[in-house]
Amino acid sequence: MIRSIAVSGMIAALYTALTVALSPLSFGPVQFRVAEALTLLPFFMPEAIPGLFIGCFLSNIAGGFGLIDIVIGSAATLAAAWLTYKMPGIWLAAVPPVVINALAVGTYLGVITDTPVLYSIIYIGISQAVICFGIGIPLCMLLASRTEIFDKEILEKKNLKKWITVNKKTNS
């Protein structure tokens, strides 16, 4: 339990730090929120779900578009994180953050910024796809293959044996 809370807190802090540090890219009708690469973590570890929600919530307080961004943006991240956790494969796990953020965030950003809603949905969708598929999947696979932070039972259940070594070799 303590480990789960600590991991959630670290993910929230990392998401917030990345978003705020890269704020010129992270906010606006056209955005490239690098922290969204972390949205693949729930596929491997359920404790990432509250961490992503809290990180998005804090980020949107720090530099977002007000209450609508704080509430709907954070709720979209929470929904996407939960669906990512439920996905059967890593490539499908990247779909919920792309689709949910494109539709939810793209819609309200279009309205708030007077950008055509369809363009805003497309901008957010393309950005999310590049980040989740181009950065998030490789990052998570690298982490899964080189660290002990992920639960090995979850990795085995998710059928990722061809990318990772479940039992590390020991030095004799």
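Being a predicted model, the structure only gives us computed values, none of them experimental.

Quick look at the environment of Pro116
Tracing the backbone shows Pro116 in the loop between helix 6 (95–113) and helix 7 (117–146). Relative accessible area serves as the criterion here: at 46%, Pro116 is assigned to the partly exposed category. When the C-alpha atoms of Pro116 and Pro29 are compared, they prove to be 9.9 Å apart, with 87 residues separating the residues in sequence.

Let's talk about the confidence of the model for the protein
For the protein, per-residue confidence averages 89 on the pLDDT scale, and 87% of positions sit at 70 or higher. Segment residues 165–172 is flagged for pLDDT under 50; beyond a separation of four residues in sequence, or across chains, it makes seven contacts in the model.

Digging into the side chain of Gln31
Counting through the fold element by element, Gln31 comes out in the loop between helix 2 (23–26) and helix 3 (48–63). The exposure class assigned to Gln31 is buried, which follows from its relative accessible area of 14%. A distance of 2.9 Å separates the side chain of Gln31 from the backbone oxygen of Gly28, its partner in a polar contact. When near neighbours in sequence (up to four residues on either side) are disregarded, Gln31 contacts Leu25, Ser26, Leu109, Ile124 and Ser127.

Observations concerning the nonpolar core
General note: in soluble globular proteins, nonpolar side chains tend to be found buried as a group. The biggest cluster of nonpolar side chains holds 24 residues, and the ones touching the most others in it are Ile11, Leu40, Leu41, Phe44 and Ile90. Elements with a minimum of two residues in this core: helix 1 (2–21), helix 3, helix 5 (90–93) and helix 7. The greatest single-element share of this core, amounting to five residues, is contributed by helix 7.

As for a nonpolar patch on the surface
On the surface, Val30, Leu118, Tyr119, Ile122, Tyr123, Ile126 and Val130 cluster together into a nonpolar patch covering about 680 Å² of accessible area. With respect to the helices, strands and loops of the structure, Val130 is situated in helix 7. For Val130, a relative accessible area of 43% translates into the label partly exposed.

Rules behind the numbers
Residues numbered from 1 in each chain as written. Predicted model: local features only at pLDDT ≥ 70, side-chain atom pairs only at ≥ 80, totals over all residues. Heavy atoms only, no water. Helix = DSSP H or I, 4+ residues; strand = E, 2+ residues; numbered from the N terminus. Buried < 20%, exposed > 50% of the residue type's maximum accessible area, 1.4 Å probe, protein only. pLDDT = per-residue confidence, 0-100. Contact = heavy atoms within 4.5 Å. Polar contact = N/O pair within 3.5 Å; in protein donor to acceptor, adjacent residues only side chain to side chain. Core = buried A, V, L, I, M, F, W, Y, C linked by side-chain atoms within 4.5 Å. Patch = residues over 30% accessible without salt bridge, like charges linked within 9 Å, V, L, I, M, F, W, Y side chains within 5 Å. Areas by Shrake-Rupley, 256 points an atom, 1.4 Å probe, with all protein chains shown as cover. Salt bridge = Lys/Arg side-chain N within 4 Å of Asp/Glu carboxyl O.

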